[in-house]
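# Commentary on secondary and tertiary structure
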Amino acid sequence: MADKNVFINSHPLVQHKISMLRDKGTGTNEFRKLVEEIGMLMGYDALSDLPLKEIEVETPIEKCMTPVIAGRKLAVVPILRAGLGMVSGILALTPTAKVGHIGLYRDPETHEPVEYYCKLPNPIEERTIVVTDPMLATGGSACDAIRMIKEHGGIKIKFMCIIAAPEGLERLKTSHPDIQIYVGHLDRCLNEHAYIMPGLGDAGDRIFGTI
Ligand code: PRP
Ligand code: URA
């Protein structure tokens, strides 16, 4: 089991904001802002291994060599719809990142993902790819999205979710042991409708106000 690639967040700010998200009284506007903020906070953590290079800068005092991010090789890929909510938070940190999109929805009967869209930056091989989706429930959507990215040539992949169920995390790390998985909070389990307990309900509906 590739647990060295799983990072469960414990930062008080992230945990506080996730608690606000869970509250069924949190309205669309606040929910959206919280998802964006958590995307930024988790993105800061997930991007801590970005490569650096030294450049020369002249300060008011003297010239020095000082580090900057090497290259512009990042891609953010939200899983539609709900993953979109985390993108602006990550782009606030890395404004030059390219953005791809993967469209998947869960079949209400089988809970298996159904693909309806895929557009990724090309070429993708050399990019660090951050896949976003607030919810990792059965893991079907995340596993399919990662498979699609790999089929397009993606290699260095990070998956970021706000809430995961143990079932989905197990499936994702078993199916794709080579990727890094960042989880805001690991919840208890799935219910009979494959919703996460206690979770936050339907993330897409709460972000876009379509309940
Ligand atoms: C939700 C969520 C994930 C998926 C997680 O999307 O945003 O993509 O379900 O479930 P899984 O781990 O069991 O696959 P949904 O299918 O509701 O689509 P939406 O984002 O368009 O609402
Ligand atoms: N998708 C959601 O939005 N919420 C869940 O709890 C499970 C899947």
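Above this text is the structure in question.
Next up on the list: the packing of aromatic side chains. For any pair of aromatic rings, geometry is given as the distance between the ring centres together with the angle between the planes. Counting across every chain of the model gives two aromatic pairs. Aromatic side chains Phe7 and Tyr182 sit 4.7 Å apart centroid to centroid with 15° between the ring planes, which places their arrangement in the stacked category. Pair noted here: Phe7 is in strand S1 (residues 6–8) and Tyr182 is in strand S11 (residues 180–186), with a separation of 175 residues, a long-range link. Accessibility expressed as a relative area gives 6% for Tyr182, which makes it buried. The interplanar angle of 35° and the centroid separation of 6.2 Å between the aromatic rings of Tyr105 and Tyr116 together place this pair among those described as tilted. Residue Tyr105 is located in strand S6 (residues 101–106), and its partner Tyr116 is located in strand S7 (residues 113–119); the two are separated by eleven residues in the primary sequence. For Tyr116, a relative accessible area of 45% puts it in the partly exposed group. Above the face of the Tyr195 ring, Arg106 is positioned so that its terminal group lies 5.4 Å from the ring centre.

Moving on, we come to the pairing of strand S10 (residues 156–164). Counting buried positions along S10 gives eight out of nine residues, so the element sits mostly inside the fold. With two bridges joining them, strand S9 (residues 135–136) and S10 adopt parallel strand pairing. Bridge pairing in S10 places Leu136 opposite Ala164. Handedness of the crossover joining S9 and S10 through helix H4 (residues 140–151): right-handed. Summarising the sheet, S10 and S11 pair through six bridges and their orientation is parallel. What sits directly across from Met160, in S11, is Tyr182. Taken together, S10, helix H5 (residues 166–175) and S11 form a β-α-β motif whose crossover is right-handed.

Among the structural elements, Ile79 can be located in strand S4 (residues 74–80). Note on Ile79: relative accessible area 2%, which makes it buried. As a C-alpha pair, Ile79 and Arg127 span 48 residues in sequence and 18 Å in three-dimensional space. Apart from the residues within four sequence positions on either side, Ile79 is in contact with Leu84, Ile102, Leu104, Val131, Thr132, Asp133, Ser141, Ala142, Ala145 and Phe159.

Close to ligand 2 lie Arg106, Met135, Ala137, Ala194, Tyr195, Ile196, Gly201, Asp202 and Ala203, which account for all nearby residues. Backbone polar atom of Ile196 to an oxygen atom of ligand 2: 2.8 Å apart, as the coordinates give it. Backbone polar atom of Ala203 to an oxygen atom of ligand 2: 2.8 Å apart, as the coordinates give it. When ligand 2 sits alone it has 240 Å² of accessible area, and the protein chains cover 88% of it. Put simply, ligand 2 lies in the largest pocket. Residue composition of the shell around ligand 2, grouped by class: six nonpolar, one polar and two charged.

Turning to unusual backbone geometry, a few remarks are in order. In this structure, Arg81 follows Leu80 across a cis peptide bond, with omega equal to -5°. Relative to the helices and strands, Arg81 is located in the loop between S4 and helix H3 (84–93). Going from Asn122 to Pro123, the amide bond is cis rather than trans, its omega being 0°. With respect to the helices, strands and loops of the structure, Pro123 is situated in the loop between S7 and strand S8 (128–132). One non-glycine residue with positive phi stands out, namely His111, at about 65°. Mapped onto the secondary structure, His111 falls in the loop between S6 and S7. A positive phi angle, close to 60°, is found at Ala194, a residue other than glycine. In this fold, Ala194 is placed in the loop between strand S12 (189–190) and strand S13 (196–197).

Procedures and definitions
- Residues numbered from 1 in each chain as written.
- Chains lettered and ligands numbered in written order.
- Predicted model: local features only at pLDDT ≥ 70, side-chain atom pairs only at ≥ 80, totals over all residues.
- Heavy atoms only, no water.
- Phe/Tyr/Trp six-rings, centres within 6.5 Å; stacked < 30°, edge-to-face > 60°.
- Helix = DSSP H or I, 4+ residues; strand = E, 2+ residues; numbered from the N terminus.
- Buried < 20%, exposed > 50% of the residue type's maximum accessible area, 1.4 Å probe, protein only.
- Lys NZ or Arg CZ within 6 Å of the ring centre and 35° of its normal.
- Pairing = 2+ DSSP bridges.
- Right-handed = clockwise from strand over helix to strand, strands pointing away.
- Contact = heavy atoms within 4.5 Å.
- Near = heavy atom within 4 Å.
- Polar contact = N/O pair within 3.5 Å; in protein donor to acceptor, adjacent residues only side chain to side chain.
- Areas by Shrake-Rupley, 256 points an atom, 1.4 Å probe, with all protein chains shown as cover.
- 1 Å grid on protein atoms, 1.4 Å probe; cavity = no way out; pocket = protein on both sides within 12 Å on 5 of 7 lines; lining within 4 Å.
- Sits in = over half its atoms within 2 Å of the grid points.
- Nonpolar A, V, L, I, M, F, W, Y, C, P; charged D, E, K, R; others polar.

That's the geometry; what it means functionally is another story.
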